[in-house]
Amino acid sequence: MLIRKPADIASSEITPEGTYLDRRRFLGAAAGIGLAAAGGGVASLLGCAGSEEGEARPVTGGRSEGRGGAEPDVVTEERRVTEFNNFYEFGTDKSEPAENAKAFRTRPWTVAVEGLVHKPGVFPLEEFVKGAKIEERVYRLRCVEGWSAVIPWLGFPLADVLRRAEPLASAKYVELTTLYDPKQMPGQRRDVLDWPYTEGLRLDEAMHPLTILSTGMYGKTLPNQNGAPLRLVVPWKYGFKSIKSVVKLRLTETQPQTAWNKAAANEYGFYSNVNPTVDHPRWSQAKERRLGEWRKRPTLMFNGYGEQVASLYAGMDLRRNY
Ligand SMILES: Nc1nc2c(c(=O)[nH]1)N[C@H]1C(S)=C(S)[C@@H](COP(=O)(O)O)O[C@H]1N2
Ligand SMILES: [Mo]
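Reference entry: report on the structure contained in this document. Fair warning: this is a prediction, and the values are worked out from it, not measured in the lab.

Attention now goes to the nonpolar core. In summary, soluble globular proteins display a tendency toward joint burial of nonpolar side chains. Among the nonpolar cores identified, the biggest contains 77 residues, and Phe128, Phe156, Leu158, Trp236 and Leu249 are the most heavily contacted of them. Considering every element that reaches this core, the biggest residue donor is strand E6 (residues 147-157), with 7 residues. Leaving out residues up to four positions away in the same chain, Leu249 has contacts with Ala112, Val113, Glu114, Phe128, Leu158, Val161, Leu162, Val174, Glu175 and Leu176.

Written out as structure tokens, the structure is:
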């Protein structure tokens, strides 16, 4: 998947030294959490080294940008993505999560799988991710607020753990829940959202190969402010669907409630597919600004993943099902 083209190798030659050091740190960190294959290391798991900031990369599984989709995306500078966050549990200001999540304890951590499954359970994180094929996915992330980023995630398909749990035939949706711990999460001591943060996907969306649970980014363990230790990434939906610091998956027959839909139903629907033709009630969604850039670029339907996911919504009115 990450076979390097000559062009990419050339760009790696101008990589600042720090990036290589970071990469080595990741090899250690990933081994520590038990994500790396025994002996082989993460580099071999990935097939090569991870993507770097500033590197031109075709996004994984999606249409690349530019005319005719020929222009590859450029990986967003790492510090942009780790210093500017939406993680309301740690504050509503974009600079607050990086500061307030510094001491967040992500071990020990458990993930509960419950609801309409044959094999429910509460699993220590290490067990939950054991056997997962961690790979790098370079995805565009489009926040509903109009900014976007190109992020090299490390993760594995959500489908893998769902299949392992053996959903009952009656299961139609997956609800995901963030940790509730007001002692550690100062934002939860205020009434900004109905805590804990929850999100949901239709089961076919959750099983889609593009949908991943992420454990890392930029070749390293996931920073706390980006949703450590385990975070959903659904690249064709607005960023708020990509719920952070997940402690529970629950399979349901009826459509789960979601934190943002409860907060403002007319602004944030259940589907929240990136759609430049359906405006937010208070602003246009036609364009976006990459973190670190000034110019605006057009937002792509389904964030550029239409070829892979449009069929999930065949026959649906995407204006009503926003
Ligand atoms: N638990 C939780 N998950 C969350 C959020 C949040 O406030 N709490 N914010 C969401 C929003 S609005 C976006 S755009 C992305 C931002 O992810 P990033 O900070 O890693 O870029 O996380 C999403 N996941
Ligand atoms: Mo967002």
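Bringing the site of ligand 1 into the picture now. Around ligand 1, 17 residues are found, and the nearest of them are Asn85, Tyr88, Glu89, Arg231 and Lys244. Here Asn85 contributes a side-chain N or O atom positioned 2.9 Å from an oxygen atom of ligand 1. Here a nitrogen atom of ligand 1 sits 3.1 Å away from a polar atom, N or O, in the main chain of Asn86. Isolated, ligand 1 exposes 540 Å² of accessible area, and the fraction of that covered by the protein chains is 98%. For the shell around ligand 1, the per-class residue count stands at 8 nonpolar, 6 polar and 3 charged.

Time to look at the pattern of salt bridges. Opposite charge on two side chains permits them to pair, given that their charged atoms come into close proximity. Applying the stated criterion to the full structure yields 22 salt bridges. Where Glu288 meets Arg290, a salt bridge forms, and the shortest distance between an N and an O atom there is 3.6 Å. Accessibility classification places Glu288 together with Arg290 in one group, the buried group. A single network of salt bridges, built from pairs that share partners, joins Asp73, Arg140, Arg142, Glu288 and Arg290.

Our next topic: helix H7 (residues 158-165). Restricting attention to buried positions, one finds in H7 the residues Leu158, Ala159, Val161, Leu162 and Ala165. One side of H7 holds all its buried residues, which, seen down the axis, span an arc of 165°. Backbone geometry just after H7 places Glu166 at a positive phi near 55°.

Another aspect to go through is the pairing of E6. Buried residues dominate E6, accounting for 11 of its 11 residues. Relative to E6, strand E5 (residues 135-142) runs antiparallel, the two sharing 8 bridges. In the strand pairing of E6, Val138 is matched with Pro152. In textbook terms, the turn of a hairpin is the stretch between consecutive antiparallel strands, and for E5 and E6 this stretch comprises 4 residues, one of which, Gly146, has a positive phi near 110°. Summarising the sheet, E6 and strand E13 (residues 287-290) pair through 2 bridges and their orientation is parallel. Its bridge partner lying in E13, Ser148 is registered against Arg290. As paired strands, E6 and strand E9 (residues 212-217) are joined by 5 bridges and run antiparallel to one another. Counted as the bridge partner of Leu154 is Gly216 from E9.

Thresholds, definitions, all that
- Residues numbered from 1 in each chain as written.
- Chains lettered and ligands numbered in written order.
- Predicted model: local features only at pLDDT ≥ 70, side-chain atom pairs only at ≥ 80, totals over all residues.
- Heavy atoms only, no water.
- Core = buried A, V, L, I, M, F, W, Y, C linked by side-chain atoms within 4.5 Å.
- Buried < 20%, exposed > 50% of the residue type's maximum accessible area, 1.4 Å probe, protein only.
- Helix = DSSP H or I, 4+ residues; strand = E, 2+ residues; numbered from the N terminus.
- Contact = heavy atoms within 4.5 Å.
- Near = heavy atom within 4 Å.
- Polar contact = N/O pair within 3.5 Å; in protein donor to acceptor, adjacent residues only side chain to side chain.
- Areas by Shrake-Rupley, 256 points an atom, 1.4 Å probe, with all protein chains shown as cover.
- Nonpolar A, V, L, I, M, F, W, Y, C, P; charged D, E, K, R; others polar.
- Salt bridge = Lys/Arg side-chain N within 4 Å of Asp/Glu carboxyl O.
- Arc of directions from axis to C-beta.
- Pairing = 2+ DSSP bridges.

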